[in-house]
Amino acid sequence: MSTLAPERPDAAEPEERPPVEKPRPPLLSSRWLWALGIIGLWIVIWAVTKGNDTLELAGRERTSVHDALAGFRDDVLASRDSNPIIQLTYEIGGWFNSFVDWLQRMISVENFPRPVPEVGWLGVTAVATWIGLAIAGWRIAILVALSFLSFGVFDYWSGAIDLLIVTFVAVGVSVLIGLPLAVLLGTGNRVVHSVMTTALDIFQTMPTFVYLAPVALFFGIGASGAVVCTLLYALPPIIRVAGHGIRTVSETTIEATDSAGQTRWQRLTKVQLPMARRTIVVGLNQTILAALSMATIAAFIDGPGAGQDVLDSLKTVDTGGGFVPGALIVVIAIMLDRTTTAASEYSERAARGGVDLRRRRIVLAVAAVPVIVCLYLSRQYPWAAEFEETGWRTRLADLVNDFFDWFTDVFRDVTQGFKDLISAVLLNPLESLLAESPWWLVAAALLGLAFVLGGLRALLPTVVCVAGLLYFGLWNDAMITLNMTLVGTVLVMVLALVFGVWMARSPKMDLVLRPLLDTGQTIPPFVYMIPVLALFGTTRFSAIVAGVVYAAPVAIKLVADGVKGVSASTLEATRSTGSTTWQEITKVQLPMARGHLVLAANQGLLYVLAMAVIGGLVGAGGLGYDVVLGFARSEEWGFGAAAGISIVLLGIMVDRIARGAADKTSR
Amino acid sequence: MALVLTACGESSIDDETEANESQAAELGDCGEINMAVNPWVGYEASAYVVGHVAEEQLGCKVNYKDIKEDVAWQGFGTGEVDVIIEDWGHPDLEKKFFAEQGDGSAMDLGPQGNVGIIGWFVPPWLAEEHPEVLDYKNLNDFAEEFATSETGDKGQFLGADPSYVQFDEAIISNLGLDFEVVFSGSEAASITAFQQAEENKEFLIGYFYEPQWLFAEIPLERVALPPYEEGCQDDPAEVDCDYPETVLKKIGSTSWVEEGGPGVELVQNFEWTNDDQNTVAKYISEDGMSPEDAAAQWVEDNQDVVDAWLPQ
């Protein structure tokens, strides 16, 4: 599986990844020496100006910008009976509500006075399996059947099906809106392209929590709000990836068909879209996975589905109780990921004539018979309509709880020691430098670093972002968050180097690690919040750990990818000179994968930042806490909104600097 | 639902459908109740007990909505929420949604019987070994013991979930305490911290509250602050006193209340005690019962209390 997280610009455009086989640049180019110089100067000035002009807000102090944002919200609220925009959004929300409600009564909850849904579990499972068979073959059909059965066996049938319903409605709308926009992105001129890319960046950097309050305001709570915030979050990947696919259809093909005198519409429908089909399916895959991860966060505004069970377990601090629905969400993600991937390969093969269509039709027709029988049974008999409680959910939950209790008992001293060590040597000094420097010093240093590392292309966005951070009045909290993000990234890179290289060099390790990495990216963070808190306490470090669990898989995969990309002939040449394994890794493989390493660091950093809000829930303070505060307390709405925007600015700034550095490094 | 299923045994779905229809006809039409469920177990206990009575004894259909307070209040005007069954006091929201100053979409439905106690608490082992910490005047002597990796040489005070009313930063600075507030950020984080502190005998002081299911597991001890006096919390920056006791109340959607019906009367009559709530909360959190089952259990054991809530 690829990633559940927002597909970041770089990852979505693999052709921009640096070619691997290039002569090795010197260890430290002059740009990096300049950067070190800037940091040195920063430390010197910090030593004498520490504690001045830090722009720290006293508790509950608000700026006029925060008040203005809150005022906007109050105006919207006050005008909701007359404002035509809100009337329209409520109308749309109501439509989503009734559609989801109808689907639920069809397949997941009782349709009163009927004691069960119209179609019981047996029928739903049979139909889903048949669809799997039709679009992706019998292997996937088995996977689908097993996944659906697991929902019932673990007593989460309706939760899992509700989650699927919300995901599919949101993805359906995302495709309807996203494909035309993807065509625009793929065929538009440079200005259209850069405007859209920036907008997509903003959307993908925005923490998901920030959507919740405004969406609830405009579309209401429950299924309607859940569908809308899920679709907002899931829309960018399909626009970006499909647009990229359309854009990269080869020039010569287009020229060749253009000479036949076709119109632009013909070119689009006959050439560009069919040729980009594979990439479009990849975009769809990303969109589905993003939707799934958002659908659990939407439980905060009463979105239906397994996410609610995860949040419920938080109330009673029940690790095991959250683990079971969390694991089912991973099952759903893996099922959908493998299905869409297989479906795209299958359709590719079918398009090339590699599938015997006649035979396939016969197989599907024959397979339809038992499906219809199952449908009939599930409408007639209680056993086929509603799963008997198996008790497995409680048993598994108890098992997980016992394991974590044991784990905490045994390792708590070690983990606390590690936390104290990292806090003392990394977190505290860096936080002091970032958050206790005067704002003008940090701003100057950031601008200087942006310029020497990324040139003008990085400098301009940095100027805008620094100005924005100052404007929104949460500078000090932004520095605290930046500090945690940087330390988190360092840890992510350590893991990425160790496990990435290991995976690249040992296929066995790869086989073992991949499912774990997939799980780390997919499992809702609320599932591991309690054990992380038990091990590390309510600290900044807990927030960092949550971020690392989420970010490390991406970075590890990227590093493994890069190291694998070093050609066999290069390696053989090294071996013939009699170098050791260690030399081989440090002198050849890592330097040649340098572009991937920089990319991994960039992605890691953005992913850790994406977890800032979860950090706010485990005692880390900073912007994450501000967002949570804004969502929870009506009078702090503007404050929370400003914090959400600040996280976006921070993310874009860091991304632009790192990308600038990466581009230059790979050249 | 579960009852119906076991009662009917192997009967067909059609039979059950008919049974449901006749039961609905018998109880009459009570309509639907949209019940907000704010994210803490005590609230859940109140909500599901009222919901259970409404469904089983009045024949209403109850829709539970899992949301935070702020979003719940917004839902009154749109018909998405009819009742908040345990409100800890939100003057800001009252200003926006009550009739006198706001749009009038919400109204006070009276106390629900529980009394909210907010304060500073320490784990029981600490209170036993160092009873001095139970007076704020002695806290500075222990500041170093309370220090963590987050607070350097100052003591750490564990603040709470952001949605709760809290003045701890002001109290600490106005009482000259050598402490720094670290906000736990969520109820789960606070509870885990107290559990760990008790289990590993670590120093911890923080914001906590009753009624709360954790007290059945760990009887936290309250630290004495200068007593609350009328008006001492009016200016958030000047607070130097303890928190007042809060009479928890019910808030309803005005349009729903005006419509009337047995559901409205039930909510208006509902009143119980901290012990009652803690009992149900314990069923849910410690015994691992579902909120529905926990509520059913309590109602079965306390039908006499419930009878007083039913519409006459």
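Residues numbered from 1 in each chain as written. Chains lettered and ligands numbered in written order. Predicted model: local features only at pLDDT ≥ 70, side-chain atom pairs only at ≥ 80, totals over all residues. Heavy atoms only, no water.

Engineer: Looking at this model, I keep getting lost on the environment of V116 of chain A. Mind explaining?
Structural biologist: Tracing the backbone shows V116 of chain A in the loop between α4 (84-107) and α5 (121-136). For V116 of chain A, a relative accessible area of 4% puts it in the buried group. The sequence separation of V116 of chain A and L292 of chain A amounts to 176 residues, and the corresponding C-alpha distance is 26 Å. Apart from residues no more than four positions distant in its own chain, V116 of chain A is found in contact with V109, E110, N111, A385 and E386 of chain A together with I13 of chain B. (Helix = DSSP H or I, 4+ residues; strand = E, 2+ residues; numbered from the N terminus. Buried < 20%, exposed > 50% of the residue type's maximum accessible area, 1.4 Å probe, protein only. Contact = heavy atoms within 4.5 Å.)

Engineer: Please clarify how the interface of chain B and chain A should be interpreted in this entry.
Structural biologist: The parts lose accessible area when they come together, and the size of an interface is often stated as this lost area. Counting from both sides, the interface comprises 63 residues of chain B and, opposite them, 61 residues of chain A. At the boundary of chain B with chain A, total buried surface from both sides reaches about 4700 Å², with 55% on carbon and sulfur atoms. By the criterion of area lost to chain A, the three top residues of chain B are I13, D66 and P162 of chain B, representing 14% of everything that side buries. Where chain B packs against chain A, one counts six salt bridges. (Buried area = accessible area lost by both parts, 1.4 Å probe. Salt bridge = Lys/Arg side-chain N within 4 Å of Asp/Glu carboxyl O.)

Engineer: What is the right way to look at the UniProt feature "domain: ABC transmembrane type-1" (unreviewed entry) in chain A in this model?
Structural biologist: All names here are of chain A. In the numbering used here, UniProt assigns the feature "domain: ABC transmembrane type-1" (unreviewed entry) to residues 160-340 and 478-658. Taken end to end, residues 160-340 comprises 85% helix and 0% strand; its first and last C-alpha atoms sit 19 Å apart. Across residues 478-658 one finds 87% helix and 0% strand; the C-alpha atoms that close the span lie 18 Å apart. (UniProt positions renumbered as here; feature names shortened; annotations may be inferred.)

Engineer: Just to check I follow, could you spell out the state of the cysteines for this structure?
Structural biologist: Here, the word disulfide means a covalent bond between the sulfur atoms of two cysteines. Residues and elements named next belong to chain B. The final tally for this structure, using the stated rule, is two disulfides over all chains. C232 shares a disulfide with C241; S-S distance 1.9 Å. With the S-S bond torsion at 80°, the cross-link from C232 to C241 turns out right-handed. (Disulfide = S-S within 2.5 Å.)

Engineer: Explanation requested: the pairing of strand β5 (residues 155-159) of chain B in the structure shown.
Structural biologist: Regular strands place side chains that alternate from one sheet face to the opposite one. All names here are of chain B. Among the five residues that make up β5, five are buried, leaving the element largely enclosed by the rest of the structure. Neither face of β5 is left uncovered, since the one carrying G155, F157 and G159 and the one carrying Q156 and L158 both have all their residues buried. Bridge count between β5 and strand β6 (residues 179-183): five bridges; the pairing is parallel. Counterpart to G155 in the pairing with β6 is F179. (Pairing = 2+ DSSP bridges.)

Engineer: What's the story with the domain arrangement of chain A in this structure? I'm lost.
Structural biologist: All names here are of chain A. Domain annotation for chain A reports domain 1 (29-61 + 412-667) and domain 2 (86-390). On a C-alpha basis, the centres of domain 1 and domain 2 stand 31 Å from each other. Regarding the contact of domain 1 and domain 2, the summed buried area is about 2200 Å², with carbon and sulfur atoms giving 83% of it. Ranking the residues of domain 1 by area buried against domain 2 places F526, I530 and F631 at the top, with a combined share of 28%. At the surface where domain 1 touches domain 2, the tally comes to three salt bridges. Measuring nitrogen to oxygen at the nearest pair gives 3.8 Å for the salt bridge that ties D201 to R659. Where domain 1 meets domain 2, there are one residue pair in polar contact (both at pLDDT 80 or more). Of all the elements in the fold, those that place two or more residues in the side of domain 1 that touches domain 2 are α22 (507-522), α23 (525-536), α28 (612-617), α29 (622-632) and α30 (637-666). At eight residues, the largest contribution of residues to the side of domain 1 that touches domain 2 is made by α30. (Domains from an automatic or database assignment. Polar contact = N/O pair within 3.5 Å; in protein donor to acceptor, adjacent residues only side chain to side chain.)

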